[in-house]
Amino acid sequence: MARMTDEEADYLDDYYTKNPPTPGPNGSGFFTKMRKTACSITVDDVSTKWLMTKAKASNKTPADIINELVREKIAIAL
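Okay, so let's go over this structure. Keep in mind that what you see is a predicted model, and the values were worked out from it rather than measured.

1. Focus on the overall build of the protein
At step 1: Within the protein, the regular secondary structure consists of 4 helices and 0 strands.
At step 2: Taken from the N to the C terminus, the helices and strands of the protein come in the order α-α-α-α.
At step 3: Total accessible area computed for the protein in this model is approximately 7,200 Å², and 58% of it derives from carbon and sulfur atoms.

2. A few points about helix 3 (residues 45-58)
At step 1: Over its 14 residues, helix 3 extends 20 Å from the first C-alpha to the last, a length consistent with the 20 Å expected when each residue adds 1.5 Å.
At step 2: Phi for Asn 59, located one or two positions after helix 3, is positive at around 55 degrees.

3. With respect to the environment of Ala 55
At step 1: Along the chain, Ala 55 turns up in helix 3.
At step 2: The class for Ala 55 is buried, based on a relative accessible area of 4%.
At step 3: Counting along the chain gives 10 residues from Ala 55 to Ile 65, while the straight-line C-alpha distance between them is 6.5 Å.
At step 4: Setting aside chain neighbours within four positions, we find Ala 55 in contact with Lys 60, Thr 61, Pro 62 and Ile 65.

4. Digging into unusual backbone geometry
Across residues other than glycine, the phi torsion is negative in most instances, and most of the peptide bonds are trans.
At step 1: Although it is not a glycine, Asn 59 adopts a positive phi angle of roughly 55 degrees.
At step 2: Summarising the element assignment, Asn 59 is placed in the loop between helix 3 and helix 4 (62-77).
At step 3: On the basis of relative accessibility, which here comes to 73%, the residue Asn 59 falls in the exposed class.

5. Re a nonpolar patch on the surface
At step 1: A cluster of nonpolar side chains, contributed by Ile 41, Val 43, Ile 66, Val 70, Ile 74 and Leu 78, occupies part of the molecular surface with about 570 Å² of accessible area.
At step 2: Here Ile 74 shows up in helix 4.

6. Side note on the pattern of salt bridges
At step 1: Per the counting criterion, the structure on display carries 2 salt bridges.
At step 2: Lys 18 serves as the salt-bridge partner of Asp 14, at 3.4 Å between the closest nitrogen and oxygen. Taken together, the residues Asp 14 and Lys 18, both in helix 1 (residues 6-18) and 4 residues apart, mark about one turn of the helix.
At step 3: You can call Lys 18 exposed: its relative accessible area is 59%.

Criteria and thresholds
Sequence positions are assigned chain by chain, starting from 1 and proceeding in written order. Restriction of local features to residues with pLDDT of at least 70 applies here, the model being predicted, together with a cutoff of 80 or more for giving and counting side-chain atom pairs; totals for whole chains, interfaces and linings are based on all residues. With hydrogens and water set aside, each side-chain value is computed from the structure's full complement of heavy atoms. By the criteria applied, helices consist of DSSP H or I runs no shorter than four residues and strands consist of E runs no shorter than two, each listed in order from the N terminus. The method behind every accessible area is Shrake-Rupley, applied with a 1.4 Å probe, and residues are considered shielded solely by the protein chains displayed. The span one expects for a helix is its residue count, reduced by one, times 1.5 Å. Here's how the labels work: a residue is buried when its accessible area is under 20% of the maximum for its type, exposed when over 50%, partly exposed in between, all with a 1.4 Å probe on protein chains only. Note on contacts: a residue pair is in contact if any heavy atoms of the two residues lie within 4.5 Å. Candidates for patches are residues over 30% relative accessible area with no salt bridge; among them, like charges are joined within 9 Å and nonpolar side chains (Val, Leu, Ile, Met, Phe, Trp, Tyr) within 5 Å. Between Lys or Arg on one side and Asp or Glu on the other, a salt bridge is scored when a side-chain nitrogen of the former is within 4 Å of a carboxyl oxygen of the latter.

These results come straight from atomic positions and should not be treated as a statement about function.
Printed below as a string of structure tokens:
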């Protein structure tokens, strides 16, 4: 997985310090919506590399690949 350079990190830190995101009214903002659906998981390096390789090769996001794998397992179990 690609890492940010120090310059990129400094730019983003400065940008979001000066322009903090604001949540929308009644929880309708982007970050509030993402918090409701987001779930963080940790995987090992081998899984990460495989997932990123599959995602790049198929022009999909890593989440799309994971969703497909889970749905396949569910379908097999039924």
